[in-house]
Amino acid sequence: MHCSARLAAVSLTLRRSCPSGGGEGQDLVRTGRRGAECGSDVAGCALRRMGANHGKPDGSEDPNRSTLLSPQTISQNGNKTTSPSPVPGETVAMVHPLPRTQSRLPKRHQQHLAPIDALADSILLQVFSHLTTNQLCRCARVCLRWYHLAWDPRLWSAIRLTGEALHADRALRVLTHRLCQETPSVCLTLETVAASGCRRLTDRGLRAVALCCPELRRLDVAGCYNISDEAVFQVVSRCPSLEYLNVSGCSKVTCISLAQDTSAPVPPLHGQAVSIRYLDLTDCSSLQDEGLRAIAAHCPHLTHLYLRRCQRLTDEALRHLALHCPAVRNLSLSDCHLVGDFGLREVARLEGQLRYLSVAHCCRITDVGVRFVARYCPRLHYLNARGCEGLTDHGLGHLALSCPRLRSLDVGKCPLVSDSGLEALGRGCPRLRRLSLRACESVSGRGLRALAACCPELQLLNVQECDVPAETLQLVRRHCRRCVIEHTVPAFY
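## Some remarks on the overall build of the protein chain
Within the protein chain, the secondary structure is distributed over 18 helices and 15 strands. The buried share among the 493 residues of the protein chain stands at 52%. Long-range pairs, those at least 24 residues apart, make up 75% of the contacts in the protein chain between residues at least 6 apart in sequence.

Laid out in structure tokens, this is it:
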């Protein structure tokens with residue numbers, strides 16, 4: 001049976017087992033917010049210490065009971081009883097005893113099973129492996145067999161939560177607690193936690209992940225503006241395998257390091273280093289030069305670093321980056337208005353490693369900084385200099401002379417770029433595929449004709465708000481058959 005057919009069967013069984021009107025499979029009582037559906041399902045089907053203890057202190061669980069969050073409590077004799085929510089306004093958390101053993105149905109009754117029940121556990125596990133965190137939690141409430149399959153550790157290499165109204169702290173705490181039951185106090189299978197956009201996530205939720213998931217490799221908490229340096233420190237210090245960290249939009253984050261006192265000018269503790277390779281600090285408005293200095297000192301393995309709209313950074317911060325992080329390949333400094341030519345000179349010290357560079361809207365950058373980059377970074381593939389009004393044809397000439405592997409260039413809103421720069425670019429960068437000249441008022445048909453003749457692999461050309469004749473665009477289309485032309489010329493279609 002193909003995966004699509006299996007998923008359809010799973011969906012049909014879920015609808016049959018979880019009718020909207022109620023019963024044992026009905027959804028949990030919601031918090032009253034429609035956006036919290038995922039949070040209700042996650043918190044509703046995972047095991048919780050509070051429900052297991054019935055108010056007893058930790059460690060005093062009843063061995064005769066197994067905990068499962070459900071709208072109803074099933075007594076030992078099979079009768080259903082309803083219990084009020086222990087916390088007003090929150091998801092109802094109940095317990096329901098699991099049998100010690102799962103009895104087999106007589107053969108005369110097996111012919112009445114649903115078709116999906118005839119599938120082997122290994123096949124169901126393959127089906128479940130395509131489900132999201134929310135869907136797995138729903139499957140765990142269908143029956144005892146599905147409960148055990150849905151919580152198979154092999155299915156929980158990743159937790160993905162969404163929703164602004166989701167109680168992310170509770171969801172992470174409940175899920176990590178349940179996943180730690182097979183290996184007490186630690187979850188060795190969880191490698192990815194993605195909670196981007198969960199605005200209710202705080203340091204408490206990340207602390208639960210840090211304490212239980214030492215094998216964590218990827219953490220995405222973009223837009224979770226309640227996260228602070230303390231939680232980030234807990235994660236990077238307790239998760240030595242962490243390679244990917246996205247804290248974009250977390251305005252309280254000012255540093256990534258193994259030392260709680262980031263202002264002390266000391267190297268990483270005991271020679272240790274954070275293993276992060278991908279770090280996104282976009283819109284971390286509190287990040288300053290001292291914070292980036294500590295990041296560079298503690299994260300020497302960085303290859304991808306994004307600092308978009310970190311407007312407090314200056315050229316001095318880039319000096320530490322080039323000194324401690326020689327492996328950086330992708331670097332974004334877009335909208336860092338205090339970065340200028342001196343900063344690009346420091347970036348150029350990355351030499352042959354740099355492939356991607358974005359300095360869009362860095363108004364202090366001129367031909368001087370671009371010359372440093374072109375001279376010392378000959379393997380550069382991507383350059384975004386949109387809005388750098390100090391860039392002229394001389395800067396494009398340096399790129400054409402020293403960066404023959406350039407594939408993508410954005411010099412939109414650079415009013416001093418003209419046809420001469422395009423002619424030089426065409427001669428020096430014949431493998432160019434993407435070029436944006438939006439609002440370059442000095443560009444005319446001559447430069448585009450030379451570019452089209454020299455760059456047959458061009459795939460995207462943006463000449464919006466440029467005074468370019470329609471005949472020139474038709475010539476570009478003939479020479480570059482795969483090129484998509486974005487324009488504002490009514491006569492060209």
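Moving on, there is more to tell.
## A look at helix α18 (residues 470-479)
Among the residues making up α18, those that are buried are A470, T472, L473, L475 and V476. Where α18 is buried, its residues meet α17 (445-454), β14 (460-462) and β15 (484-486).

## Things to note about the pattern of salt bridges
Scanning all chains against the criterion turns up 17 salt bridges. In this structure, the salt-bridge partner of E164 is R199, at a minimum N-O distance of 3.8 Å. Taken together, the residues span a long stretch of sequence, with E164 in the loop between β3 (158-160) and α8 (168-179) and R199 in the loop between β4 (192-194) and α9 (203-212) at a distance of 35 residues.

## So, the state of the cysteines
For the structure shown, the criterion picks out zero disulfides. A disulfide-free cysteine, C180 has its sulfur positioned 4.0 Å from the sulfur of C212, the nearest such atom.

## A short note on helix α11 (residues 289-298)
For α11, the buried fraction is high: nine of the 10 residues fall into the buried class. Looking at the buried side of α11, the elements it contacts are β7 (278-280), β8 (304-306) and α12 (315-324).

## Some remarks on the environment of V193
By the element assignment, V193 lies in strand β4. C-alpha separation for the pair V193 and L219, spaced 26 residues apart in sequence, amounts to 5.1 Å. Ignoring anything within four residues of it in the chain, the contact list for V193 reads I159, L172, V209, L216, R218, L219 and D220.

## Description of the packing of aromatic side chains
Tallying each qualifying case throughout the model produces six aromatic pairs. Seen in terms of ring centroids, W151 and W156 are 4.8 Å apart; in terms of plane orientation they differ by 10°. Their pairing is stacked. A relative accessible area of 0% means that W156 is categorised as buried. Centre to centre, the rings of Y278 and Y306 are 5.4 Å apart; their planes meet at 45°, and the pair counts as tilted. Placement of the pair is Y278 in strand β7 and Y306 in strand β8, with a sequence separation of 28 residues. Under the relative-accessibility criterion, Y306 is labelled buried at 8%. By way of ring pairs, the aromatic residues Y244, Y278, Y306, Y356 and Y382 are connected into one cluster. Over the ring of Y244 we find R218; its NZ or CZ atom is 3.9 Å from the centre of that ring. Sitting above the plane of the F372 ring, R371 keeps its charged end 5.5 Å from the centroid.

## A closer look at unusual backbone geometry
Even without being glycine, D335 reaches a positive phi, approximately 65°. By relative accessible area, which is 17% here, D335 ends up buried. Its identity is not glycine, yet K413 carries a phi of approximately 60°, on the positive side. Relative to the assigned elements, K413 resides in the loop between β12 (408-410) and α16 (419-428). Look at K413 and you get partly exposed, because its relative accessible area is 43%.

## Considerations on the confidence of the model for the protein chain
Summing up the model confidence of the protein chain, the mean pLDDT is 81 and the portion of residues at 70 or higher is 75%. Throughout residues 12-103 the model reports pLDDT below 50, and contacts reaching past four residues in sequence, or to other chains, amount to 162 contacts. Under a pLDDT of 50 for its full length, residues 265-270 has, in the predicted model, six contacts with residues more than four places off or in other chains.

## Side note on the packing of α16 against α17
Contact geometry for α16 and α17: axes closest at 8 Å, N-to-C directions at 5°. The angle between α16 and α17 places the two elements in the roughly parallel class. Across the interface between the two elements, D419, S420, L422, E423, G426 and R427 of α16 pack against R446, G447, L448, A450, L451 and C454 of α17. A class-by-class count of the residues in the contact of α16 with α17 yields five nonpolar, three polar and four charged.

## Some thoughts on the environment of Y382
Along the chain, Y382 turns up in strand β11 (residues 382-384). Along the primary structure Y382 and R405 are separated by 23 residues, whereas in three dimensions their C-alpha atoms are 9.1 Å apart. When neighbours within four sequence positions are excluded, Y382 is seen to be in contact with R355, Y356, L357, L406 and S408.

Rules and cut-offs
- Residues numbered from 1 in each chain as written.
- Predicted model: local features only at pLDDT ≥ 70, side-chain atom pairs only at ≥ 80, totals over all residues.
- Heavy atoms only, no water.
- Helix = DSSP H or I, 4+ residues; strand = E, 2+ residues; numbered from the N terminus.
- Buried < 20%, exposed > 50% of the residue type's maximum accessible area, 1.4 Å probe, protein only.
- Contact = heavy atoms within 4.5 Å.
- Salt bridge = Lys/Arg side-chain N within 4 Å of Asp/Glu carboxyl O.
- Disulfide = S-S within 2.5 Å.
- Phe/Tyr/Trp six-rings, centres within 6.5 Å; stacked < 30°, edge-to-face > 60°.
- Lys NZ or Arg CZ within 6 Å of the ring centre and 35° of its normal.
- pLDDT = per-residue confidence, 0-100.
- Axes fitted to C-alpha atoms, helices over the stretch in contact; angles between N-to-C directions.
- Parallel < 35°, antiparallel > 145°, perpendicular 65-115°, else oblique.
- Nonpolar A, V, L, I, M, F, W, Y, C, P; charged D, E, K, R; others polar.

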